[in-house]
Amino acid sequence: MAARPTGSVALPLHRLSVAGFRDLARGDGGRAVVEELLAAERSRRMLLLRALHDGLSGNGVPHRAGAGVSYREAWSLLERAQRTAPEVFDDVLMSPNTGMWLSLALRRLRGASFEDAPLWVMAGHVAALAASAGLRAGLDFSIAVPVSRGIVFLPTLGCARIEAAQPWSTARVEARAGQLRITGEQGTALIGPGIERSAPGWHAVRRVTLGTEVPHLRLALEELDPYRTFPRPSEPLLLSAQDAQTWQDLLTDAWEILLRDEPESAEAMRAGLMSVTPTPAREKFRPHSVTAGDAFGGVMASRPDDAAQLAATLVHEFQHIKLGSLMRLRPLNVRESAPGSEELFYAPWRDDPRPLGGLLQGIYAFAGVARFWRAHRHSAGAAHASLAHFEFALWRTQVWSTVNLVRGHERLTPLGRRLLETLRERCAAWLDEPVPDAELRLAREVAAGHRARWRAHHLRPPATAVDDAVRAWRRGDERPPPGLAAEPVLVPDSEARFLDTEAVLARYRLTGAGADARNAEGAEGADVLLAAHGDRAGAKDAFAALLSGKGAPLGAWAGLGRALAGVEAHEDVARLLRGFPERVCAVQHALEKATGQGADPVLLAQWVARGARQPRG
């Protein structure tokens with residue numbers, strides 16, 4: 001690293017080009033704009049590295065820590081590597097894992113704790129970083145690095161396992177003429193030329209090459225580096241040979257789908273997607289994936305159901321990567337000044353309410369998901385086309401409604417408003433595109449169901465109005481008091497789970513796997529009757545029975561509303577339960593508390609539906 005200049009120096013600011021912002025605002029952006037974002041991220045990493053250098057050089061932190069790790073020697077070796085092979089230095093610097101480590105190390109220096117390792121081990125990771133850069137640059141050197149539970153990590157290269165008596169110790173890494181020797185307190189690992197291949201005592205970073213055309217997409221399949229996982233470090237989790245091959249096959253097929261259906265995204269990923277960290281498979285139709293703003297280019301993802309799902313996941317997460325980098329250059333929203341006072345919003349892709357910044361990330365990510373399914377539905381095979389149509393119809397609806405929810409919010413910056421307006425224009429055009437009637441109707445039902453379940457969990461009518469309604473019900477009044485229809489209060493429910501149940505069950509049905517729908521977590525028998533078998537009458541009776549007992553799941557009110565939809569005698573009840581289920585939930589809960597038992601759920605919903613301000617349509 002170049003020495004810090006003395007005196008006042010005007011440093012250039014990174015600015016996104018007009019064309020680059022235009023592409024990003026549409027939810028797009030190819031290789032050129034990603035390279036602009038990467039240039040800004042490199043400068044940020046260099047500043048963070050300098051901040052870490054200063055933090056370790058001052059505030060009473062010694063240059064030599066632990067059992068011999070020297071920060072001064074680490075900086076010196078890094079500078080040698082940068083001068084000798086700047087492209088190698090940049091590759092190590094720009095690894096997603098390096099970005100995560102830099103951020104966590106700086107926070108640790110300021111008092112935050114994210115792992116049980118001593119500070120010198122976390123900060124001493126800079127020596128391992130230097131060793132990796134030096135080795136890849138072809139330098140001869142000798143340096144002490146931390147050992148964590150018998151493992152020596154060399155970022156971007158791999159890890160060695162050596163005998164160690166203590167959880168935290170050091171080992172000496174020596175490179176001479178291409179030979180690598182790692183010597184710990186109780187053992188030595190000797191690694192010859194070919195460090196890119198695993199050998200006894202050495203696990204090399206697993207890499208996969210995707211595509212037949214040049215340039216290929218070369219990804220690290222991260223199993224080893226402690227900073228590969230978000231939001232905190234973790235120990236290695238090695239893939240079996242079979243799992244590694246499965247991931248190779250899935251990534252290969254997903255990449256072919258992206259090249260065909262999302263060519264611009266594929267070009268962007270060639271420049272900016274660097275690693276995938278596999279995690280175990282989750283429940284069918286409920287994959288889990290995450291990115292971190294500090295780990296540009298890294299995606300952590302559970303093993304997907306199929307290649308199309310993985311392709312959609314990569315698009316989703318790369319949208320987060322792009323927007324997160326843009327937000328580092330220019331804010332899209334202004335945060336609340338008082339801690340804990342941030343306004344929360346409905347997000348149709350989450351179980352929990354979200355702040356404005358998080359909501360913008362979700363809008364942007366799912367705009368990409370909608371775009372992917374819009375294209376893929378025309379190339380998917382016959383067995384998968386119906387699901388693809390449904391996904392497109394669902395996510396264009398959810399993005400459209402959420403953009404309109406916040407597009408004029410006062411805490412949006414001019415740039416944020418411009419981005420939302422551009423996304424809104426694009427989504428409006430998607431709404432005009434035809435989708436088969438069955439899939440379109442199902443997508444609308446699922447969207448309404450998620451919102452109803454969210455409202456049942458997180459919204460509460462005014463407490464006084466609920467008490468008045470209980471008294472009115474017990475008196476036999478014809479209708480509830482008008483106050484029950486007043487604006488509800490947001491009371492986040494940390495126990496809210498599986499609000500996407502209707503969507504999951506729809507996917508079972510559309511893929512011909514309805515018989516397996518009973519395995520979906522959070523799905524009641526009544527949900528399965530309705531979603532998988534279309535048995536509205538049976539589902540209505542099952543939901544009513546469920547809601548007649550104590551402790552019934554709140555989502556069952558939304559399910560009852562869906563079961564009653566289309567029944568002429570219950571149209572008002574169905575609209576109420578799909579639009580404002582929190583009113584009936586609150587009254588039923590209060591009745592149970594006051595009398596020891598609730599009312600007949602259908603009769604109670606009919607009564608509440610006689611109140612003011614009923615939803616229409």
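Please refer to the structure higher up on the page.
Being a predicted model, the structure only gives us computed values, none of them experimental. Each chain has its residues counted from 1, running along the sequence as written. Totals for whole chains, interfaces and linings use all residues, but because this is a predicted model, local features are given only for residues with pLDDT of at least 70 and pairs of side-chain atoms are given and counted only at 80 or more. Note that water and hydrogens are dropped before the side-chain values are worked out from all heavy atoms of the structure.

Student: Mind showing me how you'd approach the overall build of the protein chain here?
Tutor: Numbering of helices and strands starts at the N terminus; helices are DSSP runs of H or I of at least 4 residues and strands are runs of E of at least 2. Counting its secondary structure elements, the protein chain contains 22 helices and 18 strands. Here the C-alpha radius of gyration of the protein chain, 28 Å, is about what a compact globule of 617 residues would show, namely 25 Å. By its C-alpha atoms, the protein chain is 90 × 55 × 50 Å across when sized along the principal axes. A burial count over the protein chain gives 55% of its 617 residues as buried. Radius of gyration here uses only the C-alpha atoms, and the compact-globule reference equals 2.2 Å multiplied by the residue count raised to the power 0.38. Note on exposure labels: buried denotes an accessible area under 20% of the residue type's maximum, exposed denotes more than 50%, and partly exposed covers the range between, all computed with a 1.4 Å probe on protein chains only.

Student: I tried to follow the nonpolar core on my own but got confused; where do I start?
Tutor: Most often, soluble globular proteins have nonpolar side chains that are buried together. Put simply, a nonpolar core is a bunch of buried Ala, Val, Leu, Ile, Met, Phe, Trp, Tyr and Cys residues held in one set by side-chain atoms that sit within 4.5 Å of each other. W101, I182 and L251 are the most contacted members of the largest nonpolar core, which totals 145 residues. One finds L530, A539, L547 and A605 within the second-largest nonpolar core, a separate group that totals 35 residues.

Student: How should the sheet that holds strand 10 (residues 206-210) be read in this particular structure?
Tutor: Two strands pair if DSSP finds at least two bridges between them. In spatial order, the strands read 10-11-12-14-13; together these 5 strands make up an open sheet with mixed pairing. Edge positions in the sheet fall to strand 10 and strand 13 (289-290), since each has one partner strand and no second. In terms of strand pairing, strand 13 meets strand 14 (residues 298-302) through 2 bridges, oriented antiparallel. Bridge pairing links V290 to M300 in strand 14. Against the sheet, helix 8 (residues 241-261) contacts strand 10, strand 11 (217-221), strand 12 (275-279) and strand 14, and its axis sits at roughly 30° relative to strand 10. Residues count as neighbours in contact if any of their non-hydrogen atoms are within 4.5 Å of one another. Axes, fitted as lines to C-alpha atoms, cover a helix only where it is in contact. Angles between the N-to-C directions of the axes lie from 0 to 180 degrees. Against the sheet, helix 10 (residues 307-329) contacts strand 12, strand 13 and strand 14, and its axis sits at roughly 145° relative to strand 14.

Student: So what exactly am I meant to see when it comes to the packing of aromatic side chains here?
Tutor: Within a pair of aromatic rings, the relevant descriptors are the distance that separates the centres and the angle that separates the planes. Each Phe, Tyr or Trp ring (for Trp, its six-membered ring) is paired with any other whose centre lies within 6.5 Å, and the angle between the two planes then decides the class: stacked below 30 degrees, edge-to-face above 60, tilted in between. One pass over the structure, following the stated rule, counts 7 aromatic pairs. When the centroid spacing of 5.0 Å and the interplanar angle of 65° are considered together, the rings of Y346 and W454 count as edge-to-face. A residue pair is termed long-range when its members are at least 10 positions apart, and Y346 in the loop between strand 15 (344-345) and strand 16 (354-355) and W454 in helix 14 (residues 437-458) qualify at 108 residues. No difference in accessibility class separates Y346 from W454, as the two residues are buried. Taken together, the ring pairs in this structure connect W349, F366 and W395 into an aromatic cluster. Two conditions define a charge sitting above a ring: the NZ of Lys or the CZ of Arg must be within 6 Å of the ring centre, and it must be within 35 degrees of the ring normal. A cation sits over an aromatic face here: K284 above F285, 4.7 Å from the ring centre.

Student: Mind showing me how you'd approach unusual backbone geometry here?
Tutor: Among all residues except glycine, the phi angle is most often negative; among peptide bonds, the trans geometry is most common. For the bond from F230 to P231, the omega torsion is 0°, close enough to zero to count as cis. Its place among the elements puts P231 in the loop between strand 11 and helix 8. The backbone of F498 sits at a positive phi, close to 60°, despite the residue not being glycine. Its location among the elements puts F498 in the loop between strand 18 (489-490) and helix 16 (501-510).

Student: I'm lost on the side chain of H409 in this one. Help?
Tutor: Tracing the backbone through its elements, the reader meets H409 in the loop between helix 12 (382-406) and helix 13 (414-431). Polar contacts involving the side chain of H409 include one to the main-chain amide nitrogen of R411, which spans 3.0 Å. Excluding anything up to four places from it in sequence, H409 contacts E343, F345, L356 and R417. The definition of a polar contact used here is a pair of N or O atoms within 3.5 Å, where within protein one atom must be able to donate a hydrogen and the other to accept one, and adjacent residues in sequence count solely through side-chain atom pairs.

Student: Mind showing me how you'd approach the environment of V205 here?
Tutor: For V205, the position within the fold is in the loop between strand 9 (202-204) and strand 10. The sequence separation of V205 and G158 amounts to 47 residues, and the corresponding C-alpha distance is 4.8 Å. Beyond its immediate sequence surroundings of up to four residues, V205 is in contact with T156, L157, G158, A220 and L224.

Student: Before we go on, may I ask you to explain the environment of S234 in this structure?
Tutor: The residue S234 is located in the loop between strand 11 and helix 8 in this model. Through-space distance from the C-alpha of S234 to that of E115 is 8.6 Å; in sequence the pair is 119 residues apart. Non-local contacts of S234, meaning those with residues more than four positions away in its chain, are made with D225, P226, R228 and T229.

Student: What's the story with the pairing of strand 8 (residues 188-191) in this structure? I'm lost.
Tutor: Side-chain direction in a regular strand flips from residue to residue, so the side chains alternate between the two faces of the sheet. Burial along strand 8 is one-sided: A189 and I191 are buried, while T188 and L190, pointing the other way, are not. Examined bridge by bridge, strand 7 (residues 179-183) and strand 8 share 4 bridges and lie antiparallel to one another. Its bridge partner lying in strand 8, I182 is registered against A189. Where strand 7 folds back on strand 8, the antiparallel hairpin that results is connected by 4 residues.

Student: Please explain the packing of helix 2 (residues 31-57) against helix 10 as it appears in this structure.
Tutor: Packed helices, taken two at a time, are described by the angle their axes make and the gap between the axes. Where helix 2 contacts helix 10, the two axes come as close as 10 Å, and the packing angle between them is 60°. What the angle tells us is that helix 2 and helix 10 run oblique. For the crossing formed where helix 2 meets helix 10, the hand is left-handed. Residues V34, L37, A40, E41 and R44 of helix 2 form the contact with helix 10, whose own contacting residues are F318, K322, S325, L326, R328 and L329. For the contact of helix 2 with helix 10, the per-class residue count stands at 6 nonpolar, 1 polar and 4 charged. Geometric relationships in this document are graded by angle, where less than 35 degrees denotes roughly parallel, more than 145 denotes roughly antiparallel, 65 to 115 denotes roughly perpendicular, and other angles denote oblique. By definition, turning the near helix anticlockwise from the far helix through less than a right angle yields a left-handed crossing, and turning it clockwise yields a right-handed one. The nonpolar class holds Ala, Val, Leu, Ile, Met, Phe, Trp, Tyr, Cys and Pro. Asp, Glu, Lys and Arg form the charged class, and all remaining residues, Gly among them, are polar.

Student: Would you mind going over the pairing of strand 5 (residues 158-161) with me for this structure?
Tutor: Where strand 4 (residues 151-154) and strand 5 come together, 4 bridges link them in antiparallel fashion. In the strand pairing of strand 5, L154 is matched with G158. Connecting strand 4 to the antiparallel partner strand 5 that follows it, the hairpin turn spans 3 residues, and T156 within it adopts a positive phi of roughly 70°. Bridge analysis of strand 5 against strand 9 gives 3 bridges, and the strand direction is antiparallel. By the bridge assignment for strand 9, G158 is matched with A204.

Student: Which parts of the structure should I look at to understand helix 13?
Tutor: Helical geometry note: an α-helix holds 3.6 residues per turn, so side chains three or four residues apart project in the same direction. Multiplying 1.5 Å by the residue count of a helix minus one yields the expected span of that helix. With 18 residues, helix 13 should cover 26 Å at 1.5 Å per step; its first-to-last C-alpha distance of 26 Å lies within 8% of that length. Those residues of helix 13 that fall on the buried side of the exposure criterion are L415, G416, L419, L420, L423, R426, C427 and W430. Projected onto a plane normal to the axis of helix 13, the buried residues spread over an arc of 130° and lie on a single side. Of the residues in helix 13, the exposed ones pointing more than 90 degrees away from the buried face are P414 and E425. Of the surrounding elements, those touching the buried residues of helix 13 are helix 1 (18-25), helix 10, helix 11 (356-376) and helix 12. What the arc measures is the spread of directions leading from the helix axis to the C-beta atoms.

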